[in-house]
Amino acid sequence: MSFSILGTGKAVPEYVLTNDELSTMVETSDEWISTRTGIKRRHICKSETITELCIKASNEAMQNAGVSAKDLDLIICATLRGEYITPSQACVIQKELGATCPAFDINAACSGFIYALDVADGFFARGRVKKVLVIALDNLSNIVDWKDRNTCVLFGDGGGAAVLGEGDGLKYVEITAKGDTSVLQCPHGENTSPFYEHPSKPPYLYMNGPEVYKFAVVSMVRGIRNAIRKAGLTEEEIDWVIPHQANIRIIETAVSKLKIPSERFIRTISEYGNTSGGSCAIALADSVEKGLFKKGDNIVFCAFGAGLTTGSCVITWDKD
Ligand SMILES: CC(C)(COP(=O)(O)OP(=O)(O)OC[C@H]1O[C@@H](n2cnc3c(N)ncnc32)[C@H](O)[C@@H]1OP(=O)(O)O)[C@@H](O)C(=O)NCCC(=O)NCCS
């Protein structure tokens, strides 16, 4: 027994930062950002906390699933950095929702949503749970160097949630990691211990864009192909692709290499930028909101991110 998705939700901050406004902060332009990345706007936290966004997405997902907090058997939150170092963001969410089940975080960067689905699958397989809440949400504006045009134009805040219940919706899921700290990392920042001997680096996101790009393109195409094959399907049988939204050119390269029509790829990057773990979860909730999926549709997800991690899965939509 695995799971089916019973309900989805999303939450993004109200404030919209346009490329034009960014161009007043660093030396860039709407033209550069749009053509190199496909991003037009991103939503950035001003008054909202990450917890408030997590609760909004969770409540929406639970309402759409017809499930209340007392029904939950497990909460998994995929995030790079929650409200606290400890307790976990999942425990904070559990408290705010009034749930009583176990709760923990997963840090797999942009692949976090798919990592969380894989972990949840294990709990269903062992018969330990009937209802699981998965939240994938990040607040990258908090770790971006707003003076670095190489990175600050790419990211946004927000994420989504999904309630999972016993079912056969999940057809295949796979996660990978290739330990690497050189191309994408964010240090903790200052170590305040008077005993610690190593220098500290400011807590900003550091990225080698072209190296990440190469990893992304290869991972995306390989991950999608592999997940489809392992699910016992062909590319022709795929109705929708939800790719990680990091750069529209990465998505378009995948489109050019796969036998899946371009219009079947969900693209939300122009509105939200790269929201890390939140990206696939937002795209899922957006698609559900628009009524894109019908019962029996095969949806393939694929993500990549710091780690370097990847995740891919195939889910058959089994809601009317
Ligand atoms: C970051 C990325 C958009 C850069 O695109 P690119 O086409 O590779 O561009 P380059 O890195 O070659 O930079 C080209 C030039 O634009 C400049 N540039 C970088 N950011 C800029 C910006 N925001 N505005 C204007 N110019 C910019 C660079 O300084 C460089 O100038 P130079 O040639 O004078 O040195 C691209 O590499 C990318 O998307 N990588 C993957 C990032 C990613 O997915 N990260 C998250 C993983 S989860």
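Refer to the structure presented above.
In short, a report on the structure.

Parameters at a glance
The numbers attached to residues start from 1 for each chain and follow its sequence in the written order. A pLDDT threshold of at least 70 governs which residues receive local features in this predicted model, and a stricter bar of 80 or more applies before side-chain atom pairs are shown or counted, although totals over entire chains, interfaces and linings include all residues. With hydrogens and water set aside, each side-chain value is computed from the structure's full complement of heavy atoms. Helix and strand definitions follow DSSP, with helices as H or I runs of at least four residues and strands as E runs of at least two, each counted in order from the N terminus. Our radius of gyration is a C-alpha quantity, and the globule rule it is checked against amounts to 2.2 Å times the number of residues to the power 0.38. For the exposure calls, accessible area comes from a 1.4 Å probe over protein chains only, and a residue counts as buried if that area is under 20% of its type's maximum, exposed if over 50%, partly exposed in between. In this description, accessible areas are obtained by the Shrake-Rupley approach with a 1.4 Å probe, and a residue is regarded as covered only by the protein chains that are shown. Residues scored as positive are Lys and Arg, those scored as negative are Asp and Glu, and His as well as the terminal groups of each chain are ignored. By convention, the charge on Lys lies at NZ, on Arg at CZ, on Asp at CG and on Glu at CD. Only strands joined by at least two bridges in the DSSP assignment are considered to pair. For every element, the axis is a line fit to its C-alpha atoms; helices are fit only across the contacting stretch, and the angle between N-to-C directions ranges from 0 to 180 degrees. Every residue pair with non-hydrogen atoms within 4.5 Å of one another is taken to be in contact.

Section: the overall build of the protein chain
Next, step 1: Scanning the protein chain from N- to C-terminus turns up 10 helices and 13 strands.
Next, step 2: Relative to its length of 320 residues, the protein chain is compact, with a C-alpha radius of gyration of 19 Å against a globular reference of 20 Å.
Next, step 3: When its C-alpha atoms are laid out on the principal axes, the protein chain stretches across 50 × 45 × 35 Å.
Next, step 4: Here the protein chain holds 320 residues, and the buried ones make up 57% of them.
Next, step 5: Counting only carbon and sulfur atoms, one obtains 50% of the accessible surface of the protein chain, whose full area is about 14,100 Å².
Next, step 6: Each charge sign in the protein chain was given a centre, from 33 positive and 39 negative side chains, and these centres are 4 Å apart.

Re the sheet that holds strand β5 (residues 103–106)
Next, step 1: One open sheet holds the five strands; their spatial order is β1-β7-β6-β4-β5, and the pairing between them is mixed. On the outer flanks of this sheet lie β1 (2–11) and β5, each paired with one strand and no other. Strand-to-strand twist across the sheet, computed as the mean angle between neighbouring axes with direction ignored, equals 20 degrees.
Next, step 2: As judged from the four bridges shared by strand β4 (residues 74–78) and β5, these two strands associate in the parallel manner. Each bridged residue has a counterpart across the sheet, and for isoleucine 75 the counterpart in β5 is alanine 103.
Next, step 3: Packing against the sheet, helix α5 (residues 112–125) makes contact with β1, β4, β5, β6 (131–139) and β7 (157–167), and its axis sits at approximately 160 degrees to β4.

So, the sheet that holds strand β8 (residues 170–180)
Next, step 1: Read across the sheet, four strands follow the order β8-β13-β12-β11 without closing on themselves; strand pairing throughout is mixed. Unpaired on one side and paired on the other, β8 and β11 (240–243) mark the two borders of the sheet. Pairwise comparison of adjacent strand axes, ignoring direction, gives a mean angle of 10 degrees for this sheet.
Next, step 2: One ladder, built from eight bridges, connects β8 with strand β13 (residues 307–316); its direction is antiparallel.

A short note on unusual backbone geometry
Next, step 1: In this chain, threonine 86 is followed by proline 87 through a cis amide linkage whose omega measures 5 degrees.
Next, step 2: By secondary structure assignment, the location of proline 87 is in the loop between β4 and α4 (89–97).
Next, step 3: Leucine 308 follows glycine 307 through a cis peptide bond whose omega is 0 degrees.
Next, step 4: Among the structural elements, leucine 308 can be located in strand β13.
Next, step 5: The backbone of alanine 109 shows a phi angle near 50 degrees, a positive value even though the residue is not glycine.
Next, step 6: Within the element layout of this structure, alanine 109 appears in the loop between β5 and α5.
Next, step 7: A positive phi is found at serine 276, a non-glycine position, where the angle reads about 60 degrees.
Next, step 8: Relative to the elements of secondary structure, serine 276 occurs in the loop between α9 (269–272) and α10 (278–289).
Next, step 9: Classification of serine 276 as buried rests on a relative accessible area of 1%.

None of this, on its own, says anything about what the molecule does.
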